[in-house]
Amino acid sequence: MEKKAYLILENGDIYEGFAFGAEKEIVGELVFTTAMTGYLETLTDPSYYGQIVCQTFPLIGNYGVIPSDFESKKPALKAYIVREWCQRPSNFRCEGVIDTFLKQSDVPGLYGIDTRCLTKTVREYGVMNAKITYTKPDEKSFDGLKDYRVINAVKSVTIDKPETFSAENAKYNVVLMDFGAKKNICRELVKRGCNVTVVPGNTTAEEIKAMNPDGIMLSNGPGDPTENTEIIEQLRILCEAKIATFGICLGHQLLALSQGAKTEKLKYGHRGANQPATDTQTGRVYITSQNHGYAVVASSLPKNAYESFVNANDGTCEGVTYTDMPAFTVQFHPEACGGPLDTSFLFDKFITMIQEGK
């Protein structure tokens, strides 16, 4: 029997739907993603830590649960909202259904609501807090809703101790700083001949330099980048070593902050697999996968950096190249699985930078 569930928004809106997945009341930051594929990657992306994720694509779960496609060991998001979920998936790789997966992961789900209307509300009002409850809401249901904040995000999703991944006929050694890394970043490096050592996000600059890496990878991750003051300081020190560095998403923001730039919170962020990013040097537009709520303020970039990519929709900064050190970063995800592969060549650019450094 279907169990009623309610979504309460910070602006006073209430949506009635049905529960699936784990059953527990939660409060989180409500965001939406426009991706039409890759719901497993969305569910297991650590960048969604502390957030309630709404899928705009109406049918979710149709190819079931495939653990080898996961981007992390377990979901970090607070809850999952869909228009409808498929109870009878069809795929030769399928190993389960999404309802069972959410239950096992202790993540509540909500379906049967108008996700199109919900998305339009977030676009107009902006990212806001929301609550999932199973009792009919009253005035008291909104108490404290506006007080919720996503905090300690990187500390909550980074690994506890270093992990290593070896490549056949390895040529390079890369340190991947894990701020909430998606597994496919590591896969892309390994298949290009890199032995990868994944280290916790709070690893010091001296510890990384002691590993004598050929390159440094700064991963994606969740939360407000300015919260990570200790990491930012370590990146500032690390930059002095002039080691080839490539940053993605949160890594892009943290490196910019370490060089004196500023970041800002976007009204509703960029989340989906169809964001256009323009190369400022060639004018070519790439379709990219993105998942972020903050952006680097281009006008705050230091003299040793220039904006390499810009969002073709709203003009926000999508990439930075540094002129006094071998480093470049992008806001989007060139490693995207379940998304466009247009910018995967950036990993090759990173390898070339490593070769030039050797």
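Use the structure listed above.
Let me begin by describing the structure that accompanies this report. (Residues numbered from 1 in each chain as written. Predicted model: local features only at pLDDT ≥ 70, side-chain atom pairs only at ≥ 80, totals over all residues. Heavy atoms only, no water.)

## A few points about the sheet that holds strand β4 (residues 51-55)
- Within the closed barrel, the seven strands sit side by side as β1-β2-β8-β6-β4-β3-β9. Their pairing is mixed. The sheet shows a mean angle of 35° between the axes of neighbouring strands, direction not considered.
- Across five bridges, strand β3 (residues 26-33) lies against strand β9 (residues 128-133) in antiparallel orientation. Bridge pairing links L30 to M128 in β9.
- Sitting on the sheet, helix α3 (residues 115-125) touches β1 (4-9), β2 (14-21), β3, β4, β6 (79-82) and β9, and the angle it makes with β3 is about 95°. (Pairing = 2+ DSSP bridges. Helix = DSSP H or I, 4+ residues; strand = E, 2+ residues; numbered from the N terminus. Axes fitted to C-alpha atoms, helices over the stretch in contact; angles between N-to-C directions. Contact = heavy atoms within 4.5 Å.)

## Focus on the packing of aromatic side chains
- Counted under the stated rule, the structure contains 13 aromatic pairs.
- Judged by centre distance (5.8 Å) and plane angle (40°), the rings of F18 and Y111 are tilted. In this pair, F18 is assigned in strand β2 and Y111 in strand β8 (residues 108-111), connecting sequence segments 93 residues apart.
- A relative accessible area of 24% places F18 in the partly exposed class.
- Assessed through its relative accessible area of 13%, Y111 is described here as buried. (Phe/Tyr/Trp six-rings, centres within 6.5 Å; stacked < 30°, edge-to-face > 60°. Buried < 20%, exposed > 50% of the residue type's maximum accessible area, 1.4 Å probe, protein only.)

## Observations regarding the pattern of salt bridges
- Following the criterion strictly, the structure yields 14 salt bridges and no others.
- Here K4 ties to E16 by a salt bridge, and the two come within 3.1 Å at their closest N and O atoms. Of this pair, K4 sits in strand β1 while E16 is found in strand β2, placing the two residues 12 residues apart along the sequence.
- K191 serves as the salt-bridge partner of E188, at 3.4 Å between the closest nitrogen and oxygen.
- On the basis of relative accessible area, E188 is assigned to the buried category, the value being 8%.
- Taken together, the salt bridges that share partners define one network made up of E188, K191, R192 and D348. (Salt bridge = Lys/Arg side-chain N within 4 Å of Asp/Glu carboxyl O.)

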